[in-house]
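One letter stands for each residue in the lines below.
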Amino acid sequence: MLTKFETKSNRVKGLSFHSKRPWILASLHSGVIQLWDYRMGTLIDRFDEHDGPVRGVHFHATQPLFVSGGDDYKIKVWNYKLHRCLFTLLGHLDYIRTVQFHHESPWIISSSDDQTIRIWNWQSRTCISVLTGHNHYVMCALFHPKEDLVVSASLDQTVRVWDIGALRKKTASPADDILRLSQMNTDFFGGVDAVVKYVLEGHDRGVNWASFHPTLPLLISGADDRQVKIWRMNDTKAWEVDTLRGHMNNVSCVLFHARQDLIVSNSEDKSIRVWDSTKRTALQTFRREQDRFWILASHPEMNLFAAGHDSGMIVFKLERERPAFSVSGDSLYYVKDRFLRFFEYSTQKDTQVIPIRRPGSISLNQGAKTLSFSPTENAVLICSDIDGGSYELYIIPKDSLGRADTVHESKRGIGGSAVFVARNRFAVLEKSSDQVLVKNLKNEIVKKSALPVATDSIFYAGTGNLLCKAEDKVVIFDLQQRIVLGELQTSFVRYVVWSNDMESIALLSKHSVVLADKKLVHRCTLHETIRIKSGAWDDNGVFIYTTLTHIKYCLPNGDSGIIKTIDVPVYITKIFGNTIFCLDRDGRNRPIIIDSTEYVFKLSLLNKRHDQVMSMIRNSELCGQAMIAYLQQKGFPEVALHFVKDERTRFNLALESGNIEIAVASAKVIDEKDHWYRLGVEALRQGNAGIVEYAYQRTKNFERLSFLYLITGNLDKLSKMMKIAEQKSDVMGQFHNALYLGDIQERVKILENAGHLPLAYITASVHGLQGVAERLAADLGDNVPVLPERGSASLLMPPNPILSGVDWPLLRVTKGIFEGGLDSAGRGVQEEYEDAADADWGEDLDIVDVVNMHNGDVSVALEGEEVDEQNDEGGWDYEDLELPPDVDTPKTATNARSSMFVAPPAGLPVSQIWVQKSSLAAEHAAAGNFDTAMRLLNRQLGIRNFAPLKTLFTDLDMGSHTYLLGFSSAPVISVAIERGWSESASPNVRGPPALVFNFSQLEDKLKAGYKATTAGKFSEALRLFLGILHTIPLIVVESRREVDEVKELITIAKEYVLASRMELKRREMKDNPVREQELAAYFTHCNLQLPHLRLALLSALTVCYKAGNLNTAANFARRLLETNPTNENQTRTARRVLQAAERNMTDASELNYDFRNPFVVCGATYVPIYRGQKNVSCPYCGSHFVPSQEGQLCAVCDLALIGSDASGLLCSPSQVR
């Protein structure tokens, strides 16, 4: 059984497949009806109007309807498109067991526990016949798929076949008067619509199910006596043919297979059984652990079944339908109906070659699974699942093409899979021993080879090579040299497809495609929601594959798309140009013509074949939102522009590609405020002042216009803007314009008119307008504001613009590949501008010219109203504004730019040069490239925890740059500081970055650490030595000698960090004297400076002596005396301890410490690791740890991962050279 879909739900009592769509209805014991898409594995809808279990459900063959019947005695007809119940049929008096639509007539048949069967007309919504005769619950009633018959099964232990021919005649319109008369008589005197044709008795218990064979005069029934019975019928009688025994409990449901001689039954014994209907033997049994089965359904068109059980349902196939095939040059060999067939692509001729052995039908899925062909020897290997995996080798005689009558003897063998690896050699996988057997054409073993991975199956990978598929990866294995040529991590690969030149490979799994090269270097992975069935490479290097519903393509970069929708799954064998050859599930060769324009276009774009792209744009019908979105996403908006007719889309693409002319043309057509605003923003970015001005005028955006005139230095227009603001009574706008112009008197006048007399007085006083100030002081009286005495005050005056009233200067550069010659729109816009040079653009503006007027002399439109028609001055157009000739018509600077240009490439930033030239982590961090710096440190020193290095990274980055101020309006300029720079150096050669950390700083830190240790400030010492360890990875030194000194410093710092941590830990252990003594003892074995070692020994002998461990204390005393201490007190103490210990050489408590056996201390657990014991070390600081700490963060340096691989410290350019 091949399970395709499974659900978890309440008990499933009814199932029905949709005839065309991948849908299945499941009616549940809880009263809910679920509609599932079994291909996608999604719940589409649920219907829950029934009260109580729903036992029967059925889709209509052609209408968007389904019917359901439940324990609420109701039959409901639903429209799944409208998501609702259309009507309810009432009449049954007990639970309804099954419902079914008739295949032609507008009828529904229902069976019920009220011992009747009813036939309903769903169009007139009436019951047209009641079939009575059963004397117990009727468990099932079904129409015959072709004839006017009904079969029913009941708990009265009988199966009845009913003839409903009279009902059909009655409902058909009578052709003549005699028929009409007989029908009237029938209606009048109570004729019978349905008669019992046969009553089949043979079951000992109640019958749960009975169904017709789709084509033969056969019936099948299943009952509570655990038996399945086959019945045959003719025109006059019906009789029992055979009984199938094997179920251990009540048989719930039983069906004939529509296309094969099989019977499928399920039972409350938690099993589904498949039987051979000709031999009447059991073929296979599928069991569930907990769930009893209740219902079976078969798909009307496909080889699919569904079974409902206690906790859901399963959709399954009994056998694989994929034909086994192998392509060789212009020909295809494939297996169909127990024959090997040959198909020639050029002539499309299909011939039978030889019959192949039929396996004994003892189980399912015994057909050919894979096929491998050797063209030079004309040999075929066919693999199947017989005997747990076996192969057959056929040698095809040269003259046998077309003569498929003679049976050829095959050579057989057992093996997981078998493929040809050379002209006359094939490899067979022996799964049990994970080795491959290479055999010759006589089926003799030539050599054995162990495989590098636990292999599930093998595929051809070039002469002498195998592609071995493991559970989570695939490898290419060379059988001669016995080496792995390539490896790729990917799980559950099912099929492998090589390109014609064997340079590319596609690995297909159930829901993904992985593309790689011949060495299994990954290129891309593509995921699909529905199952992938097959694939092949076309001549362009594009991978074409099929899913259950589509033919799709995948480009080398992972971009994919749909080529064609298909009705039934097909298996691609070969692609010639626009023709895809494929096999369907019936083993028929089908050529499918496709349109490859879309993927060839995308491939040309990807490969930068611009000539091809240009010709395709001109000649092909490539359009649609998907293509435009693709071009935008890939950074080719200027190409997308040539496909688009919709003005809004054209406008967006023109802005994205910087094509101002097309943007203006589209904005004029659209004429919306938002589009003019966006056009203004883009034109401003390009420095095209004329277009910006035009856009702002169209949107009447006076504030932006004023600011534009300020930054372009157009003071004449700015003064007119001030007058316009005055006429519109826009006080704030008027004041801003006066401020931009530096017009003091106007500002004082505005403030005075607005009633702000104190502000007006201050403005006049500060700017030296004494006469005005005195007049205002008189008006203010006693409220004259007092001005502060400021020493160095300066007046706020508007700055002079850098460029006055012209477009920004633009570089002349070569046109982009897609510019010009492609699209008429740009040229048309250009010509339109030339024609519009004398046009009056001002008529849309509600602006009044007030140059030569006094206040109040003009009638003005306020807030968007039109200007008075009687006004002599008219609208504010370009003549009125006296525009300079260069902005008469707002167009792009034609002398510099006639279309969109590709900007010249910028030079490399210094930080990028640093990164390219260096493999030192410190220099990468200084360049601001923290990501590569971290990767280098991880590779070189195994560092995984970068939190302690964060501030050091930022210090390096900030310290290698300085920042200069340019213009007041320009951004700050960042300047890289180089190490060892001199004036004589060439300006084109970049030195390495200057670093804020150096070796001499660390030496100072080391001295401070020694000092803190001597003073017993271990927390301070720990901080200093850790600082050294954290800084060393970001140090750069010049000579090899200095590199050795840095490495020595790591060792020193590591020892002191470990010692400090142990001493601090010991001080916390006052309540555990044994552990306190052990830590004091281990402290003395750290590699410390002699003064510090003496202090450690003194501390240890004191702790041990006080705890009564005199023998151990004596050992520390001897070691202390051996160092010849310069401090007299230390010598005296050691001698006194020795004398005391010699009287009683014993230890009060046993310590985990053996001073005779050399050891190192574990940096995490602080236990001794004696010589000869296994240990792991930190790849950076070299601290030792017990094996259980492998993979943990180093507890000493707090940076690296214990036991990880690392190449070693790199801190000098001399190491790289």
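Thresholds applied
Residues numbered from 1 in each chain as written. Predicted model: local features only at pLDDT ≥ 70, side-chain atom pairs only at ≥ 80, totals over all residues. Heavy atoms only, no water. Axes fitted to C-alpha atoms, helices over the stretch in contact; angles between N-to-C directions. Helix = DSSP H or I, 4+ residues; strand = E, 2+ residues; numbered from the N terminus. Parallel < 35°, antiparallel > 145°, perpendicular 65-115°, else oblique. Left-handed = near helix turned anticlockwise from the far one by under 90°. Contact = heavy atoms within 4.5 Å. Nonpolar A, V, L, I, M, F, W, Y, C, P; charged D, E, K, R; others polar. Pairing = 2+ DSSP bridges. Core = buried A, V, L, I, M, F, W, Y, C linked by side-chain atoms within 4.5 Å. Buried < 20%, exposed > 50% of the residue type's maximum accessible area, 1.4 Å probe, protein only. Salt bridge = Lys/Arg side-chain N within 4 Å of Asp/Glu carboxyl O. Polar contact = N/O pair within 3.5 Å; in protein donor to acceptor, adjacent residues only side chain to side chain. Phe/Tyr/Trp six-rings, centres within 6.5 Å; stacked < 30°, edge-to-face > 60°. 1 Å grid on protein atoms, 1.4 Å probe; cavity = no way out; pocket = protein on both sides within 12 Å on 5 of 7 lines; lining within 4 Å. Points joined across faces, edges and corners; volume = space filled by probe spheres on them. Patch = residues over 30% accessible without salt bridge, like charges linked within 9 Å, V, L, I, M, F, W, Y side chains within 5 Å. Areas by Shrake-Rupley, 256 points an atom, 1.4 Å probe, with all protein chains shown as cover.

Taking an unreviewed UniProt entry as the reference, the protein chain is identified by name as Coatomer subunit alpha belonging to Escallonia rubra.

Turning our attention to the packing of helix 15 (residues 757-766) against helix 16 (residues 770-780). Two numbers describe how helix 15 lies on helix 16: the axes approach to 8 Å, and their chain directions differ by 155 degrees. With respect to each other, helix 15 and helix 16 are oriented roughly antiparallel. Seen from above, helix 15 lies across helix 16 with left-handed handedness. Contacts from Leu-757, Pro-758, Ala-760, Tyr-761, Ala-764 and Ser-765 of helix 15 reach helix 16 at Gln-770, Val-772, Ala-773, Leu-776, Ala-777, Asp-779 and Leu-780. Among the residues making up the contact of helix 15 with helix 16, the classes are represented as ten nonpolar, two polar and one charged.

Adjacent strands of a sheet form backbone hydrogen bonds with each other and so pair up, either parallel or antiparallel. Taking strand neighbours across the sheet as the criterion, the four strands line up as 2-3-4-5 in an open arrangement whose pairing is antiparallel. Of all the strands in the sheet, the pair left with one neighbour each is strand 2 (12-17) and strand 5 (42-47). Averaged over all neighbouring strand pairs, the angle between strand axes comes to 20 degrees, with direction disregarded.

Before going further, it helps to examine the nonpolar core. Formed by 90 residues in total, the largest nonpolar core has its most connected members in Leu-937, Phe-1025, Ile-1032, Tyr-1180, Cys-1181 and Cys-1197. Tallying contributions element by element places helix 25 (residues 1040-1067) first for this core, with ten residues. Setting aside residues no more than four positions away along its own chain, Cys-1197 makes contact with Leu-1026, Leu-1029, His-1030, Cys-1178, Tyr-1180 and Cys-1181. With 59 residues, the next largest nonpolar core counts Leu-605, Ile-617, Val-639 and Leu-653 among its residues.

Here we take up unusual backbone geometry. Despite not being glycine, Gln-348 shows a phi value in the positive range, around 55 degrees. If you trace the backbone, Gln-348 turns up in the loop between strand 31 (339-344) and strand 32 (349-355). One non-glycine residue with positive phi stands out, namely Asn-378, at about 55 degrees. Within the secondary structure layout, Asn-378 lies in the loop between strand 33 (368-374) and strand 34 (379-384).

Time to look at the pattern of salt bridges. Under the criterion given, the structure shown has 42 salt bridges. Between Arg-168 and Glu-104 there is a salt bridge, with its nearest N and O atoms 3.5 Å apart. Taken together, the residues span a long stretch of sequence, with Arg-168 in helix 1 (residues 165-171) and Glu-104 in the loop between strand 10 (96-101) and strand 11 (107-112) at a distance of 64 residues. Taking relative accessible area as the criterion, Arg-168 reaches 24% and is therefore assigned partly exposed. Across the pair Lys-749 and Glu-746 runs a salt bridge whose closest N-O atoms are separated by 3.6 Å. One end of the pair is Lys-749 and the other is Glu-746, both in helix 14 (residues 744-753) and three residues apart, which spans about a single turn. On the basis of relative accessibility, which here comes to 33%, the residue Lys-749 falls in the partly exposed class.

Here we take up the side chain of Gln-1215. Relative to the elements of secondary structure, Gln-1215 occurs in helix 30 (residues 1213-1216). Of note is the side chain of Gln-1215, whose polar atom sits 2.7 Å from the backbone nitrogen of Cys-1211. Setting aside residues up to four positions removed in sequence, Gln-1215 forms contacts with Arg-1040, Val-1043, Lys-1047, Leu-1209 and Leu-1210.

Bringing the pairing of strand 5 into the picture now. Here five bridges tie strand 4 (residues 33-37) to strand 5, and the two strands are oriented antiparallel to one another. Each residue of the ladder has a partner; that of Leu-35, found in strand 5, is Asp-45. Hairpin geometry of strand 4 and strand 5 is characterised by an intervening segment of four residues between the two adjacent antiparallel strands and by a positive phi of about 75 degrees at Gly-41.

Overall, the coordinates contain 36 aromatic pairs when judged by the stated rule. Judged by centre distance (5.7 Å) and plane angle (85 degrees), the rings of Phe-17 and Tyr-38 are edge-to-face. Residue Phe-17 is found in strand 2, and its partner Tyr-38 is found in the loop between strand 4 and strand 5; the two are separated by 21 residues along the sequence. The exposure class of Tyr-38 is buried, given its relative accessible area of 6%. Between the aromatic rings of Tyr-1082 and Phe-1159, the centroid separation amounts to 6.0 Å while the plane-to-plane angle is 80 degrees, which identifies the pairing as edge-to-face. In this pair, Tyr-1082 is assigned in helix 26 (residues 1073-1083) and Phe-1159 in strand 58 (residues 1159-1161), connecting sequence segments 77 residues apart. A residue is classified by how much of its surface remains accessible, and Tyr-1082, at 0% relative accessible area, is buried. Every member of this aromatic cluster is reached through a ring pair, and the members are Trp-23, Phe-47, Phe-59, Phe-66, Trp-78 and Tyr-80.

Of note, Val-1176 is situated in strand 60 (residues 1176-1177). The spatial distance from the C-alpha of Val-1176 to the C-alpha of Ser-1188 is 8.7 Å, given a sequence separation of twelve residues. Those residues in contact with Val-1176 that sit more than four places away from it in its chain are Ser-1183, His-1184, Phe-1185, Val-1186, Pro-1187, Glu-1190 and Ile-1202.

Moving on, we come to empty space enclosed by the protein. Rolling a probe over the atoms, with the probe sized like a water molecule, indicates the empty space that remains. Inspection of the entire model under this criterion finds four cavities of 30 Å³ or more. When its volume is computed, the largest cavity comes out at roughly 150 Å³. Lining the largest cavity, in full, are Lys-4, Tyr-38, Arg-39, Met-302, Asn-303, Leu-304, Lys-317, Glu-321, Arg-531, Lys-533, Leu-548 and Arg-585. Of the residues belonging to the lining of the largest cavity, the class tally is four nonpolar, one polar and seven charged. Taken as a whole, the second largest cavity holds about 50 Å³ of empty space.

A cluster of nonpolar side chains, namely Val-766, Leu-787, Leu-795 and Met-797, defines an oily patch on the protein surface of about 340 Å² accessible area. By secondary structure assignment, the location of Val-766 is in helix 15. Residue Val-766 is classed as partly exposed on the basis of its relative accessible area, which comes to 45%.

Moving on, we come to the sheet that holds strand 9 (residues 84-90). Across the sheet, four strands lie side by side as 6-7-8-9; this open sheet has antiparallel pairing. Two strands lie at the open edges of the sheet, namely strand 6 (54-59) and strand 9, each paired on one side alone. With strand direction ignored, the average angle separating the axes of adjacent strands in the sheet is 20 degrees. Bridge count for strand 8 (residues 74-79) against strand 9 is six bridges, and the pairing is antiparallel. Looking at strand 9, one finds that Ile-75 is bridged to Leu-89.

Every buried residue of helix 15 is listed here: Ala-760, Tyr-761, Thr-763, Ala-764 and Ser-765. For helix 15, the secondary structure elements touched by its buried residues are helix 14 and helix 16. Gly-768, located one to two residues past helix 15, shows a positive phi value of around 80 degrees.

Running from amino to carboxyl end, helix 23 (residues 999-1014) crosses helix 25 at an angle of 25 degrees, the nearest separation of the two axes being 12 Å. Classified by the interaxial angle, the pair formed by helix 23 and helix 25 is roughly parallel. Our pair here, helix 23 against helix 25, has a crossing hand that is left-handed. Contact residues: Phe-999, Leu-1002, Leu-1006, Tyr-1010 and Thr-1013 in helix 23; Glu-1045, Val-1046, Leu-1049, Ile-1052 and Tyr-1056 in helix 25. Looking at side-chain class alone, the contact of helix 23 with helix 25 contains eight nonpolar, one polar and one charged residues.

Glancing now at the pairing of strand 40 (residues 445-450). Relative to strand 40, strand 39 (residues 435-440) is paired through five bridges, and the arrangement is antiparallel. Each bridged residue has a counterpart across the sheet, and for Gln-435 the counterpart in strand 40 is Ala-450. Count of turn residues in the strand 39/strand 40 antiparallel hairpin: four residues, of which Asn-443 carries a positive phi of about 70 degrees.

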